[in-house]
Amino acid sequence: MRGLPRASKLGKGAKEVSCKDIQTDSGHMLIVELLIDVGDAMGANVTNTMCEAVAPMIEELTGGKTLLRILSNYSTKRMVNASAVFDKDAVGGEKVVDDIILAFQFAENDPYRAVTHNKGVMNGVIAVANSTGQDSRAIEAAAHAYASAGGRYSSLTKWSKDKNGNLIGNFELPLSVGIVGGVIRHHPIAKICTKILGVSTAQELSCVIAVAGLAQNFAAMRALARRWLWLQEEIIAHDKELERLVTERAPELMASHGIATLTVAQMLILVGDDPT
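Small disclaimer: the values here were computed from a predicted structure and weren't measured. (Residues numbered from 1 in each chain as written. Predicted model: local features only at pLDDT ≥ 70, side-chain atom pairs only at ≥ 80, totals over all residues. Heavy atoms only, no water.)

K.L.:
What is the right way to read the overall build of the protein chain from this model?
P.N.:
Each helix and strand in the protein chain was counted, giving ten helices and five strands. By the compact-globule yardstick of 19 Å for 276 residues, the protein chain is too spread out, its C-alpha radius of gyration being 29 Å. For the C-alpha atoms alone, the extent of the protein chain along its principal axes is close to 105 × 50 × 40 Å. Per element, the accessible surface of the protein chain, about 17,000 Å² overall, is 57% carbon and sulfur. Side-chain charges in the protein chain split into 28 positive and 30 negative, and the spacing between the mean points of these groups amounts to 11 Å. (Helix = DSSP H or I, 4+ residues; strand = E, 2+ residues; numbered from the N terminus. Rg over C-alpha atoms; globule rule 2.2 N^0.38 Å. Areas by Shrake-Rupley, 256 points an atom, 1.4 Å probe, with all protein chains shown as cover. Lys, Arg positive; Asp, Glu negative; His and termini not counted. Charge placed at Lys NZ, Arg CZ, Asp CG, Glu CD.)

The structure is reproduced here in structure tokens:
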């Protein structure tokens, strides 16, 4: 309880108490939830301490037994949102913008694609989280739970376009991070990385993390959307080179009506340019 009076003096601490009843195979369970403002801390220690502190009072009031006295990492009261508008020409043109949106819609409606899509998003998120000493497993668990909040696992990011055809990206997730206490208090690399970012509050750090996730997703989606264009350009270039080579070796065949370039190439491979 040592840190709780200080939190209260700073205007932090417990802000709300609520209850809910859930039905399980063993019967009804009463869930008592404490909404706690933990300031710039991740908040696990203070939350667990407060849960332990109120447990005897809850038992006395209810006549029941308090079993688990622990935080939830699904911190839906600590949401962060990152959004960006990407100029369509900088992205690669209208076709690339449209293909990015189609790729998003694939992930939005198919959980098999959504898992890989979200894994890429979290590559950016966890890179920043690990470097600044955050609980990456808690962040991952909360993010994937949020991806299932609609009843089906889906994309964590949203992609659309504005009236001018520019690409709009949005990323929202529950995110509990801290810049005081925990690992960051003792780990020199975490301290250095946090200093490099120039953040002064946990809220600022959460914004940086969300932006990294959105940027990572944009880079991956753009690469996937443009890949077919690169392949198409490469195919056209190879076709032109093939036509040049076979015309040089078998001009009469190439001039013949109804014989395709690929067919002439196959004939040259089988019999050579001197079939006699």
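What follows picks up the thread again.
K.L.:
Help me understand the sheet that holds strand β3 (residues 79-86), please; the structure alone is not making it clear to me.
P.N.:
For sheets, the rule is that strands pair by backbone hydrogen bonds, running either parallel or antiparallel. Read across the sheet, three strands follow the order β3-β5-β4 without closing on themselves; strand pairing throughout is antiparallel. The outermost strands of the open sheet, each flanked by one partner alone, are β3 and β4 (157-161). Across the sheet, the mean angle from the axis of one strand to that of its neighbour is 15°, orientation sign disregarded. Of the pairings in the sheet, the one linking β4 to strand β5 (residues 167-174) comprises five bridges and is antiparallel in character. Bridging from a neighbouring strand, K161 pairs with L167 of β5. Of the strands in this sheet, β3 and β5 touch helix α6 (residues 136-147), which is tilted by about 115° from β5. (Pairing = 2+ DSSP bridges. Axes fitted to C-alpha atoms, helices over the stretch in contact; angles between N-to-C directions. Contact = heavy atoms within 4.5 Å.)

K.L.:
Hey, could you run me through the packing of helix α4 (residues 94-109) against helix α5 (residues 111-131) in this one?
P.N.:
What describes two packed helices is the angle between their axes and the distance between those same axes. The N-to-C vectors of α4 and α5 enclose an angle of 115°; their axes lie 6 Å apart at closest approach. Comparing their axes, α5 and α4 come out roughly perpendicular. α5 is crossed by α4, and the crossing has left-handed handedness. Only P111, R113, A114 and H117 of α5 make contact with α4, whose side of the interface consists of F106, A107 and N109. Per-class residue counts for the contact of α4 with α5 are four nonpolar, two polar and one charged. (Parallel < 35°, antiparallel > 145°, perpendicular 65-115°, else oblique. Left-handed = near helix turned anticlockwise from the far one by under 90°. Nonpolar A, V, L, I, M, F, W, Y, C, P; charged D, E, K, R; others polar.)

K.L.:
Is there a simple way to think about the nonpolar core in this case?
P.N.:
Generally speaking, soluble globular proteins have nonpolar side chains that are buried together. The biggest cluster of nonpolar side chains holds 37 residues, and the ones touching the most others in it are V91, I100, I139, W159, L167 and F171. Within the residue set of this core, elements represented by two or more residues are β3, α4, α5, α6, β5 and α8 (202-249). The biggest single contributor to this core is α8, with eight residues. Excluding residues that lie within four positions of it along the chain, F171 makes contacts with V80, N81, A82, V121, V125, L156, T157, A210, G213 and L214. (Core = buried A, V, L, I, M, F, W, Y, C linked by side-chain atoms within 4.5 Å. Buried < 20%, exposed > 50% of the residue type's maximum accessible area, 1.4 Å probe, protein only.)

K.L.:
Which parts of the structure should I look at to understand the pairing of strand β2 (residues 27-37)?
P.N.:
In terms of strand pairing, strand β1 (residues 13-24) meets β2 through eleven bridges, oriented antiparallel. Note that in β2 the partner of E16 across the bridge is L35. Between β1 and the antiparallel strand that follows it, β2, lie two residues.

K.L.:
I'm lost on the packing of aromatic side chains in this one. Help?
P.N.:
The geometry of two aromatic rings is summed up by the distance between their centres and the angle between their planes. Under the criterion given, the structure shown has three aromatic pairs. Between F86 and W159, the aromatic rings sit 5.9 Å apart at their centres with planes inclined by 35°, giving tilted as the arrangement. With F86 in strand β3 and W159 in strand β4, the pair connects residues that are 73 residues apart, well separated along the chain. Both residues of the pair, F86 and W159, belong to the buried class. (Phe/Tyr/Trp six-rings, centres within 6.5 Å; stacked < 30°, edge-to-face > 60°.)

K.L.:
Hey, could you run me through the side chain of S136 in this one?
P.N.:
Relative to the helices and strands, S136 resides in helix α6. Owing to a relative accessible area of 14%, S136 belongs among the buried residues under this scheme. At a separation of 3.3 Å, a polar atom in the side chain of S136 contacts the side chain of N130. (Polar contact = N/O pair within 3.5 Å; in protein donor to acceptor, adjacent residues only side chain to side chain.)

K.L.:
How do you make sense of the pattern of salt bridges when you look at a structure like this?
P.N.:
Should their charged atoms come close, side chains of opposite charge can pair. For the structure shown, the criterion picks out nine salt bridges. Of the charged contacts, one joins E33 and K20 as a salt bridge, the two residues approaching to 3.2 Å between their closest N and O atoms. Of this pair, E33 sits in strand β2 while K20 sits in strand β1, and the two are 13 residues apart along the sequence. Accessibility expressed as a relative area gives 40% for K20, which makes it partly exposed. E241 is paired through a salt bridge with R244; the nearest N and O atoms lie 2.7 Å apart. (Salt bridge = Lys/Arg side-chain N within 4 Å of Asp/Glu carboxyl O.)

K.L.:
Quick question: what am I supposed to make of a nonpolar patch on the surface here?
P.N.:
Residues V17, L30 and V32 make up a contiguous nonpolar surface patch of about 250 Å² in total accessible area. By the element assignment, V32 lies in strand β2. V32 gets classed as partly exposed once you look at its relative accessible area, which sits at 31%. (Patch = residues over 30% accessible without salt bridge, like charges linked within 9 Å, V, L, I, M, F, W, Y side chains within 5 Å.)

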